[in-house]
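Descriptive structure summary
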Amino acid sequence: MVSLLIGSANRDPERFDQPNVLDLTRTPNEHLSFGRGPHFCIGAALARLEARIAFPLLLERLGQVRLTIPAESLTWRPTRVMRGLAALPLERYRNSCVVHGPSGRR
C-alpha cells in the first residue's frame, strides 16, 4: 500500500533548511504546492496573484493581531490528507484597544 502525504511534500529536511518553519521569503523555494511538469496546476498564476492582493489587504484591514493562546496549544485537524488548524484564535488591536471575536466587542 502506498499512502501519499501531500502536507509533508514541502517539509523535506533534505530540501529545505528549517522545513517546519513558515518562511515566505525562503529562497530557493522549490515547493510542490502547485505540482510539477504535466501535472502543474493551471490556476497557479491566478492563485499567486490572489495571494499577492488578498493577504496585504487582509493584514491592512485587520491591523495588528496575536494569538490568544500559546502556539503550543494550537490543535490540528485529524486528517492525513491536508494539514490544517482546527481553529486559529486571534485578537486584534485597533486604536490601542483589544477587539475580541467577530462582533468586534470586548
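To keep things clear, this report deals only with the structure shown in the data block. Keep in mind it's a predicted model, so treat the numbers as computed, not measured.

Some remarks on the overall build of the chain
Scanning the chain from terminus to terminus reveals one helix and three strands. Look at the contacts in the chain between residues 6 or more apart in sequence, and 22% of them connect residues 24 or more apart. Total accessible area on the chain is roughly 9,300 Å²; 59% of this is exposed by carbon and sulfur atoms.

Comments concerning helix α1 (residues 44-62)
Taking 1.5 Å as the rise per residue, α1 with 19 residues should run 27 Å; its terminal C-alpha atoms sit 26 Å apart, in good agreement. Gly 63 sits one or two positions beyond α1 and adopts a positive phi of about 80 degrees.

Details of the pattern of salt bridges
Across all of its chains, the model carries two salt bridges by this definition. A salt bridge links Glu 91 to Arg 66, with the shortest nitrogen-to-oxygen separation between them at 2.5 Å. A residue pair is termed long-range when its members are at least 10 positions apart, and Glu 91 in strand β2 (residues 90-94) and Arg 66 in strand β1 (residues 65-67) qualify at 25 residues. With a relative accessible area of 8%, Glu 91 lands in the buried category.

Considerations on unusual backbone geometry
In most cases, non-glycine residues show a negative phi, while peptide bonds are predominantly trans. The omega torsion of the bond from Thr 27 to Pro 28 falls at -10 degrees, within 30 degrees of zero and hence cis. In this structure, Pro 28 sits in the segment before α1. Backbone geometry places Gln 18, a non-glycine residue, at a positive phi of 50 degrees. Note on placement: Gln 18 falls in the segment before α1. Taking the relative accessible area as the measure of exposure, Gln 18 reaches 59% and is therefore exposed.

Overview of the environment of Asn 10
Assignment of secondary structure puts Asn 10 in the segment before α1. Distance from Asn 10 to Asn 20, taken between C-alpha atoms, is 9.0 Å for residues ten residues apart in sequence. Sequence-distant contacts of Asn 10, that is, excluding residues within four places in its chain, are made with Phe 16, Pro 19, His 31, Leu 32 and Ser 33. Separated by 2.6 Å, the side chain of Asn 10 and the backbone nitrogen of Leu 32 make a polar contact. Of the polar contacts made by the side chain of Asn 10, one reaches the side chain of Ser 33; its length is 3.0 Å.

Considering the layout of surface pockets
Its boundaries defined by the atoms lining it, the largest pocket holds a volume of some 1,700 Å³. Asn 10, Leu 22, Asp 23, Leu 24 and Ser 33 are the residues nearest the centre of the largest pocket, which is lined by 35 residues in total. Of all the elements in the fold, those that place two or more residues in the lining of the largest pocket are α1 and β1. For the lining of the largest pocket, the element with the highest residue contribution is α1, accounting for seven residues. When its residues are assigned to classes, the lining of the largest pocket shows 21 nonpolar, seven polar and seven charged.

Concerning a nonpolar patch on the surface
Together, Leu 46, Leu 49, Ile 53 and Leu 57 give the surface a local cluster of nonpolar side chains, amounting to about 350 Å² of exposed area. Residue placement: Ile 53 occurs in helix α1.

How each quantity is defined
- Residues numbered from 1 in each chain as written.
- Predicted model: local features only at pLDDT ≥ 70, side-chain atom pairs only at ≥ 80, totals over all residues.
- Heavy atoms only, no water.
- Helix = DSSP H or I, 4+ residues; strand = E, 2+ residues; numbered from the N terminus.
- Contact = heavy atoms within 4.5 Å.
- Areas by Shrake-Rupley, 256 points an atom, 1.4 Å probe, with all protein chains shown as cover.
- Expected span 1.5 Å × (residues − 1).
- Salt bridge = Lys/Arg side-chain N within 4 Å of Asp/Glu carboxyl O.
- Buried < 20%, exposed > 50% of the residue type's maximum accessible area, 1.4 Å probe, protein only.
- Polar contact = N/O pair within 3.5 Å; in protein donor to acceptor, adjacent residues only side chain to side chain.
- 1 Å grid on protein atoms, 1.4 Å probe; cavity = no way out; pocket = protein on both sides within 12 Å on 5 of 7 lines; lining within 4 Å.
- Points joined across faces, edges and corners; volume = space filled by probe spheres on them.
- Nonpolar A, V, L, I, M, F, W, Y, C, P; charged D, E, K, R; others polar.
- Patch = residues over 30% accessible without salt bridge, like charges linked within 9 Å, V, L, I, M, F, W, Y side chains within 5 Å.

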